[in-house]
Amino acid sequence: MPERLVDDECELRALAIEDPTERTLEKSTIYTEELVETSTGNVLVAHSGDRSNKVVLVTYHDLGLNYVSNFQAFFNYPDLKEIASGFAVFHINAPGQEDGAANLAEDYEYPTLEQMGEQVQEVLNHFNIVRYIGIGVGLGANVLTRHALAYPERVDSMMLINTCTTKAGWVEWGYQKRNVSHLRTTGVTQPVLDYLLWHHLGQDYEERAHDLLQVYKHYFSHNVNAVNLAPLVEQYIWRTDIPLTRDISEKNTLEPPVLNLVGIHSEHIEESVVFNGRLTPAKTNWIKIQEAAMVLEEQPHKVCQAFRLFLQGQGYCLKIRKMAIQ
């Protein structure tokens, strides 16, 4: 009979209670949605929070997503709620990508990524936003980078995720032309679904991200407006190279500080490294997030830690407690 362990005792000294993380693609009611008319089409902007701080948070989503499906779960995460509590938040949606959007007019000329950067400027002017801290993912990171390069005085700093600033290669161009054709004629076919899952979750998503796989499979299959997604995908593959340089004597230097994140399972690591090589070393931090491709969903705690330290380096969130390492 084994000896009885009498010395190994534990005492519960403290109990920390946190709100549960809300991982849902159902739209939250805390935001006010407003359709902003720009020179290249209407843009839905969802906003909330106190405008007393002249600097606000502005987000821009990735391909196949919108502000709800890309950012809502992350903004519901307790650590991010604490960070964002001192800012008003503005989520910008690319034209026609919001939930329940009507089909875009057949004669509507979808804006280029350069023009989407101009749309960001028009949204800022509409809401009288002086400066913002940007959070962009994938396509959204490309759009915010273009805006920051053109209007550095409006950008305080940026957290950019899975960023690609180079033009599309031939392989990507070929696959995407097929996807655009499917989206316009048939909808979200299996090849389109496979591409979107690969783009967001990486190559080995079936072995690694079971919960997210089911959520986003259903979302892409049932919630995405294929007619409206087609021209956005088309503009993404027609994107031009963003001619950035890290030489501060050149005019194409990105002036705002950048937190450059990429997931270790992401298919965009190489593009993220290229982007990092085009940024001024003193103004950029490059971090590869472990065990993730869709980092806001898979590793929100690590992203919040990095974001908090980055913002504290800019003089924000100085009263926030140190987050426990998990």
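Residues numbered from 1 in each chain as written. Predicted model: local features only at pLDDT ≥ 70, side-chain atom pairs only at ≥ 80, totals over all residues. Heavy atoms only, no water.

Chemist: Honestly, the nonpolar core in this entry has me stumped. Any pointers?
Modeler: What tends to happen in soluble globular proteins is that the nonpolar side chains get buried as a cluster. Core analysis: the largest hydrophobic core is formed by 59 residues, its most contacted members being Y60 and F220. The contact partners of F220, leaving out residues within four places of it in the chain, are G64, L65, V188, L193, L196, L197 and H200. Counting residues in each nonpolar core, the second largest holds 36 residues, with L44, A46, Y77 and F310 among its members. (Core = buried A, V, L, I, M, F, W, Y, C linked by side-chain atoms within 4.5 Å. Buried < 20%, exposed > 50% of the residue type's maximum accessible area, 1.4 Å probe, protein only. Contact = heavy atoms within 4.5 Å.)

Chemist: It is not clear to me how the sheet that holds strand β4 (residues 89-92) should be interpreted in this structure. Could you clarify?
Modeler: Hydrogen bonding along the main chain pairs the strands of a sheet, whether they run parallel or antiparallel. Pairing is mixed in the open sheet, where eight strands are placed in the order β1-β2-β4-β3-β5-β6-β7-β8. A single partner strand is all that each edge strand has here, and the edge strands are β1 (32-38) and β8 (284-289). For this sheet, the mean inter-axis angle between neighbouring strands, taken without regard to orientation, is 20 degrees. For β1 and strand β2 (residues 41-48), the ladder comprises seven bridges, and the chain directions are antiparallel. (Pairing = 2+ DSSP bridges. Helix = DSSP H or I, 4+ residues; strand = E, 2+ residues; numbered from the N terminus. Axes fitted to C-alpha atoms, helices over the stretch in contact; angles between N-to-C directions.)

Chemist: Help me out: how do you make sense of unusual backbone geometry in this one?
Modeler: Most of the time, phi is negative for any residue but glycine, and the peptide bond is trans. Located in the positive-phi region is N128, a residue other than glycine, with phi close to 55 degrees. Tracing the sequence through the fold places N128 in the loop between α3 (113-126) and β5 (131-137). Judged by relative accessible area, which is 62%, N128 ranks as exposed. In this model, N162 sits at a positive phi of 50 degrees, which is unusual for a non-glycine residue. Looking at where N162 falls in the secondary structure, it is placed in the loop between β6 (155-161) and α5 (170-185).

Chemist: What am I meant to see in the confidence of the model for the protein chain here?
Modeler: Low pLDDT marks stretches whose predicted atomic positions should not be read closely. Across the protein chain, the average pLDDT comes to 89, with 90% of residues at 70 or higher. A low-confidence stretch, residues 1-7 (pLDDT under 50), is modelled with zero contacts involving residues beyond four sequence positions or located in other chains. With pLDDT under 50 throughout, residues 15-23 is counted as low confidence; its partners more than four residues away or in other chains account for 14 contacts. (pLDDT = per-residue confidence, 0-100.)

Chemist: Which parts of the structure should I look at to understand the side chain of N225?
Modeler: Tracing the sequence through the fold places N225 in the loop between α8 (210-222) and α9 (226-237). Here the side chain of N225 touches N228 through a polar contact of 3.1 Å, landing on its backbone nitrogen. Leave out the neighbours within four places in its chain, and N225 touches A101, A102 and N103. (Polar contact = N/O pair within 3.5 Å; in protein donor to acceptor, adjacent residues only side chain to side chain.)

Chemist: Looking at this model, I keep getting lost on a nonpolar patch on the surface. Mind explaining?
Modeler: Together, W170, W173 and W238 make up a nonpolar patch on the protein surface, roughly 430 Å² of accessible area in all. Relative to the assigned elements, W238 resides in the loop between α9 and β7 (258-263). (Patch = residues over 30% accessible without salt bridge, like charges linked within 9 Å, V, L, I, M, F, W, Y side chains within 5 Å. Areas by Shrake-Rupley, 256 points an atom, 1.4 Å probe, with all protein chains shown as cover. Salt bridge = Lys/Arg side-chain N within 4 Å of Asp/Glu carboxyl O.)

Chemist: What should I look at first to understand the side chain of R278 in this one?
Modeler: Relative to the helices and strands, R278 is located in the loop between α10 (269-277) and β8. Judged by relative accessible area, R278 falls into the buried class, the value being 17%. Here the side chain of R278 touches T165 through a polar contact of 3.4 Å, side chain to side chain.

Chemist: What is the right way to read the environment of S48 from this model?
Modeler: Take S48: it is sitting in strand β2. By relative accessible area, which is 18% here, S48 ends up buried. Considering only alpha carbons, one finds S48 and F87, 39 residues apart in sequence, at a separation of 9.0 Å. If near-sequence neighbours (up to four positions away) are discounted, S48 is found in contact with I30, Y31, A88 and V89.

Chemist: For this particular structure, what's the right way to read α3?
Modeler: One turn of an α-helix holds 3.6 residues; hence residues three or four places apart share an orientation. The terminal C-alpha atoms of α3, which comprises 14 residues, lie 20 Å apart, in line with the 20 Å expected from a rise of 1.5 Å per residue. Of the residues making up α3, those classed as buried are L113, M116, G117, Q119, V120, Q121, V123 and L124. Of the residues flanking the end of α3, it is N128, one or two places downstream, whose phi is positive at about 55 degrees. (Expected span 1.5 Å × (residues − 1).)

Chemist: Looking at this model, I keep getting lost on the pattern of salt bridges. Mind explaining?
Modeler: For side chains bearing opposite charge, pairing can occur when the charged atoms are close. Counted by the stated rule, this structure contains six salt bridges. Where R131 meets D156, a salt bridge forms, and the shortest distance between an N and an O atom there is 3.6 Å. Here the residue R131 occupies a position in strand β5, and D156 occupies one in strand β6, the gap between them amounting to 25 residues. Owing to a relative accessible area of 12%, D156 belongs among the buried residues under this scheme.

Chemist: I would appreciate a short explanation of the packing of aromatic side chains in the present structure.
Modeler: The geometry of an aromatic ring pair is captured by the separation of the ring centres together with the interplanar angle, meaning the angle of the planes. In total, this model carries ten aromatic pairs according to the counting rule given. An angle of 80 degrees between the planes, with centres 5.8 Å apart, marks the rings of Y31 and Y67 as edge-to-face. Highlighted residues: Y31 in the segment before β1 and Y67 in helix α1 (residues 67-75), separated in sequence by 36 residues. With 5.6 Å between their ring centres and 40 degrees between their planes, Y195 and W198 make a pair best called tilted. Residue Y195 and its partner W198 are located together in helix α6 (residues 190-201), separated by three residues, close to a single helical turn. For Y195, a relative accessible area of 11% puts it in the buried group. An aromatic cluster is present here, built from F71, F74 and F75 joined pairwise through their rings. (Phe/Tyr/Trp six-rings, centres within 6.5 Å; stacked < 30°, edge-to-face > 60°.)

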